[in-house]
Amino acid sequence: MQDRRHRGKIRIAAGLMLAGLVSGCSSFGGNGALPANAPRVLGPDRDRDHIRLVSAFGGEGRAPQLQRLLTDAVNRLVMATDRPDESYQVTILNSPVVNAFALPNGRLYVTRGLLALANDTSEVAAVLSHEIAHVTLRHASQRSELQARSELIERVAENVLNNSQELAVVQDQARSTLASFSRSQELEADQTGITVLTRAGFDPYGAPRFLTALGRSASSSGNTGPDRVASHPSTAARVAKALQAARRAGPPGMGETGRLEYLTALDGLSYGDDPSDGVVKGRRFIHARLGVAFEAPPGFTLENTSQAVLGSSSDGERRLLFDAADTPAGQSLEEVLRSTWTDTIETGSLVTTTLNDLPVVTALSNGKEWTFRLSAIRIGNTTYRLIMAARSGGPDLEDMFQRTLGSIRQVQPEEARRIRPLKLQIVTAQRGDTAQSLAARMPVDKALDRFLLLNGLDRGGPLRIGERYKLIVE
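Residues numbered from 1 in each chain as written. Predicted model: local features only at pLDDT ≥ 70, side-chain atom pairs only at ≥ 80, totals over all residues. Heavy atoms only, no water.

Draft legend 1. A look at the environment of Pro-421. The residue Pro-421 is located in the loop between helix H15 (413-417) and strand E16 (422-428) in this model. When the C-alpha atoms of Pro-421 and Pro-275 are compared, they prove to be 5.8 Å apart, with 146 residues separating the residues in sequence. Discounting residues that sit within four places of it in the chain, Pro-421 has contacts with Pro-275, Val-473 and Glu-474. (Helix = DSSP H or I, 4+ residues; strand = E, 2+ residues; numbered from the N terminus. Contact = heavy atoms within 4.5 Å.)

Draft legend 2. Inspection of the side chain of Thr-340 at higher detail. Checked against the element boundaries, Thr-340 lands in helix H13 (residues 333-340). Judged by its relative accessible area of 10%, Thr-340 falls in the buried class. There is a polar contact of 2.7 Å between the side chain of Thr-340 and the side chain of Arg-385. (Buried < 20%, exposed > 50% of the residue type's maximum accessible area, 1.4 Å probe, protein only. Polar contact = N/O pair within 3.5 Å; in protein donor to acceptor, adjacent residues only side chain to side chain.)

Draft legend 3. Quick peek at the nonpolar core. Membership of the largest hydrophobic core comes to 69 residues, with the highest contact counts inside it found for Val-110, Leu-115, Leu-128 and Phe-451. Residues within four places of Val-110 in sequence aside, it is in contact with Leu-70, Val-90, Thr-91, Ile-92, Leu-93, Asn-99, Ala-100, Leu-115, Val-127 and Leu-128. Listed in part, the 24 residues of the second largest apolar core include Val-309, Ile-377, Leu-386 and Ile-408. (Core = buried A, V, L, I, M, F, W, Y, C linked by side-chain atoms within 4.5 Å.)

Draft legend 4. Expanded view of the side chain of Thr-383. Within the secondary structure, Thr-383 sits in strand E14 (residues 382-391). What makes Thr-383 buried here is its relative accessible area of 0%.

Draft legend 5. Structural view of the packing of aromatic side chains. Tallied over the full model, the rule gives 6 aromatic pairs. With a centroid separation of 5.0 Å and an interplanar angle of 25 degrees, the aromatic rings of Phe-101 and Tyr-109 are classed as stacked. Three or more aromatic residues link up through ring pairs in this structure, and these residues are Phe-285, Phe-294, Phe-322 and Tyr-384. Over the face of the ring belonging to Phe-202 we find Arg-76, whose NZ or CZ atom lies 3.9 Å from the ring centre. (Phe/Tyr/Trp six-rings, centres within 6.5 Å; stacked < 30°, edge-to-face > 60°. Lys NZ or Arg CZ within 6 Å of the ring centre and 35° of its normal.)

Draft legend 6. Quick peek at the sheet that holds strand E8 (residues 300-304). Strand order in the open sheet formed by 7 strands is E8-E9-E10-E14-E13-E12-E11, with antiparallel pairing between adjacent strands. Sheet topology places E8 and strand E11 (351-355) at the edges, where each strand pairs with a single neighbour. Here the average twist between neighbouring strands, direction ignored, is 20 degrees. Bridge count between strand E13 (residues 370-379) and E14: 10 bridges; the pairing is antiparallel. Residue pairing in the sheet places Ala-376 in a bridge with Arg-385 of E14. (Pairing = 2+ DSSP bridges. Axes fitted to C-alpha atoms, helices over the stretch in contact; angles between N-to-C directions.)

Draft legend 7. The packing of helix H3 (residues 64-79) against helix H12 (residues 259-266), seen in detail. Running from N to C, H3 and H12 cross one another at 145 degrees; their axes reach a closest spacing of 8 Å. Facing H3, whose interface residues are Gln-65, Leu-66 and Leu-69, H12 presents Glu-261, Tyr-262, Thr-264, Ala-265 and Leu-266. Residues of the contact of H3 with H12, tallied by class, amount to 5 nonpolar, 2 polar and 1 charged. (Nonpolar A, V, L, I, M, F, W, Y, C, P; charged D, E, K, R; others polar.)

Draft legend 8. Examining the packing of H3 against helix H5 (residues 121-136) more closely. Where H3 meets H5, the axes come as close as 10 Å, and the angle between the chain directions of the two elements is 55 degrees. Regarding the angle of H3 to H5, the classification is oblique. Like other packed secondary-structure pairs, H3 and H5 cross with a definite hand, here right-handed. For the pair formed by H3 and H5, the contact residues are Leu-69, Leu-70, Ala-73, Val-74, Leu-77 and Val-78 on the first element and Thr-121, Val-124, Ala-125, Leu-128, Ser-129 and Ile-132 on the second. Looking at side-chain class alone, the contact of H3 with H5 contains 10 nonpolar, 2 polar and no charged residues. (Parallel < 35°, antiparallel > 145°, perpendicular 65-115°, else oblique. Left-handed = near helix turned anticlockwise from the far one by under 90°.)

Draft legend 9. Structural detail: the sheet that holds strand E1 (residues 89-93). Taken in spatial order, the 3 strands make up an open sheet running E1-E3-E2, and their pairing is mixed. Lying at the two open borders of the sheet, with one neighbouring strand each, are E1 and strand E2 (100-102). Going from strand to strand, the sheet's axes swing by 20 degrees on average, the running direction of each strand aside. The sheet contact formed by E1 and strand E3 (residues 107-111) spans 5 bridges and is parallel.

Draft legend 10. Molecular detail of helix H17 (residues 447-454). Along H17, the residues classified as buried are Ala-447, Phe-451, Leu-452, Leu-453 and Leu-454. Gly-456 occupies a position one or two residues after H17 and carries a positive phi of about 65 degrees.

Draft legend 11. Quick look at the pattern of salt bridges. Per the stated rule, a full pass over the model turns up 20 salt bridges. For Glu-256, the salt bridge goes to Arg-76, with nearest N and O atoms at 3.3 Å. Of this pair, Glu-256 sits in the loop between helix H11 (235-249) and H12 while Arg-76 is found in helix H3, placing the two residues 180 residues apart along the sequence. Among the salt bridges present, the one from Arg-216 reaches Asp-458, with a minimum N-O distance of 2.5 Å. Here Asp-458 lies in the loop between H17 and strand E17 (468-473) and Arg-216 lies in helix H9 (residues 206-221), a separation of 242 residues in the sequence. By sharing partners, the salt bridges in this structure join Asp-120, Glu-123, Asp-203 and Arg-209 into a single network. (Salt bridge = Lys/Arg side-chain N within 4 Å of Asp/Glu carboxyl O.)

Okay, here's the thing in structure tokens:
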């Protein structure tokens with residue numbers, strides 16, 4: 001959650017039910033395909049969309065060595081397409097989510113979360129080749145779609161940055177429109193991407209390897225909801241078809257993997273949340289610069305976004321939102337809730353109290369399908385809101401709300417100074433090293449699972465002496 005103040009009324013109820021922000025195609029599907037006969041220009045108008053979109057996704061990731069590697073890979077891939085004269089440009093997004101997408105003007109985007117998951121250059125090249133395929137295959141067939149998409153990007157960026165009333169609605173539209181092609185288009189882009197990948201001299205088996213890693217990542221993060229299923233073929237089906245395409249290209253061992261150069265470039269890359277925007281560790285959230293922390297209920301998964309911290313139970317029946325509110329000087333906490341909540345607050349439900357020496361106001365709001373517990377908390381000159389929701393007024397909502405509200409506290413400077421950013425470190429396996437022993441060096445939850453996922457390893461499998469592996473370190 002960045003230090004941005006929220007302006008105007010917000011449709012919090014819808015935002016909690018959706019609990020999702022703008023995303024690209026996190027299975028290296030694309031967001032951008034070129035409409036037929038549309039101009040291919042990386043000019044000022046398209047740069048405006050690029051700037052706004054990058055801002056909405058946390059800014060550009062600073063990794064010069066990786067940037068050079070990606071640019072070289074894109075250039076090789078473009079020369080292997082049927083349109084080698086077209087221009088593409090790749091940008092690293094400073095986001096921990098696993099994501100990649102393309103815009104109609106030839107802009108390609110990969111997050112540092114995706115780069116952390118990949119294990120060699122051919123895997124990342126497979127992602128880029130897939131995105132380029134969406135563009136060259138002209139998967140968006142109407143010129144009007146280019147204009148509509150450009151307008152949507154502008155609206156999304158404005159809403160993410162300025163938080164207007166239509167935030168939740170526009171973001172839901174963006175998730176659908178920017179992230180999804182049809183299943184047949186995804187499979188077509190896979191097949192074309194692997195053909196181009198092979199022509200460019202990369203290992204075609206990089207595509208099924210990364211799809212396998214992506215499936216594991218989605219399973220571990222719970223990213224298998226109905227929106228994703230509707231727009232993408234199952235991972236197993238895509239892996240199988242990608243393997244078939246790779247085998248048609250040739251036997252395993254052909255083409256460049258570029259593992260050593262990739263891991264060398266990856267060494268030192270920031271991992272996870274940017275500490276300047278707050279850090280999620282398990283169920284705990286702490287923001288050193290804003291000086292605030294809280295802990296979510298058991299069973300919740302937290303997501304730190306540029307606008308707010310979102311949380312959800314595994315079944316999606318319980319939701320959480322924590323954010324900062326822009327408050328005029330002298331505005332009471334009661335008025336904060338009334339002015340920033342668009343639904344009805346139940347009469348007599350407003351309660352003023354103190355928790356952890358902090359002034360707090362709580363309230364209740366009943367919707368058709370959801371029951372909401374609202375609160376406004378003032379720490380110094382900043383007002384925060386904690387909003388929790390349960391579908392059909394789950395009986396445990398009150399207990400979860402009170403426990404979470406009671407965990408909100410002010411972070412002291414000494415504690416804030418101890419929060420250090422995480423990064424990737426590439427290490428060489430020595431005799432006696434095991435997945436368990438290397439994972440034990442990582443200061444993260446479920447360290448062994450994370451180590452296996454990042455390195456594309458199966459549980460119980462041995463490490464290879466002299467091989468390089470990724471660790472998460474402070």
